[in-house]
Amino acid sequence: MTTKTIRINTIADVKKFCSIVIGCPYEVDIVSGRYAIDAKSIMGIFSLDLSNDLELRIHSDDCAEFLDDIKEFIVG
């Protein structure tokens, strides 16, 4: 599993992020506090507090191409 800290600020960011993640062949979760949601669920993402950084959990160790696709959302 690979974890990254991400930030999704706007509605447009949510739509763009979700459209990228949907094409991902493995499971991807977003964790915010005690809540974990499927990153492929746009409604799930909207249910989170997007004012804070989020933890992205990618259930693969071979995800360099995916990380490159979402690099604009990765913090740090």
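Above this text sits the structure in question.
Residues numbered from 1 in each chain as written. Predicted model: local features only at pLDDT ≥ 70, side-chain atom pairs only at ≥ 80, totals over all residues. Heavy atoms only, no water.

1. Considerations on the pairing of strand β3 (residues 35-38)
- One ladder, built from four bridges, connects strand β2 (residues 28-32) with β3; its direction is antiparallel. When the bridges of β3 are listed, Asp-29 appears paired with Asp-38.
- Hairpin connection, β2 to β3: the antiparallel pair is bridged by two residues, and Gly-33 has positive phi, about 65°. (Pairing = 2+ DSSP bridges. Helix = DSSP H or I, 4+ residues; strand = E, 2+ residues; numbered from the N terminus.)

2. Describing the pattern of salt bridges
- Within this structure, the stated rule accounts for four salt bridges.
- Between Lys-16 and Glu-72 there is a salt bridge; the shortest N-O distance is 2.8 Å. Within this pair, whereas Lys-16 is found in helix α1 (residues 11-22), its partner Glu-72 is found in the segment after α3 (64-69), the two being separated by 56 residues in sequence.
- Notably, a salt bridge pairs Arg-57 with Glu-55, separated by 3.0 Å at the nearest N-O pair.
- Residue class for Arg-57 comes out partly exposed when judged on its relative accessible area of 30%.
- Assessed through its relative accessible area of 29%, Glu-55 is described here as partly exposed. (Salt bridge = Lys/Arg side-chain N within 4 Å of Asp/Glu carboxyl O. Buried < 20%, exposed > 50% of the residue type's maximum accessible area, 1.4 Å probe, protein only.)

3. Looking at the sheet that holds β2
- An order of β1-β4-β2-β3 is seen for the four strands of this open sheet, with the pairing classed as antiparallel. Each having just a single partner strand, β1 (2-6) and β3 make up the two edges of the open sheet. On average, each strand axis in the sheet is inclined to that of its neighbour by 25°, with strand direction left out of account. (Axes fitted to C-alpha atoms, helices over the stretch in contact; angles between N-to-C directions.)

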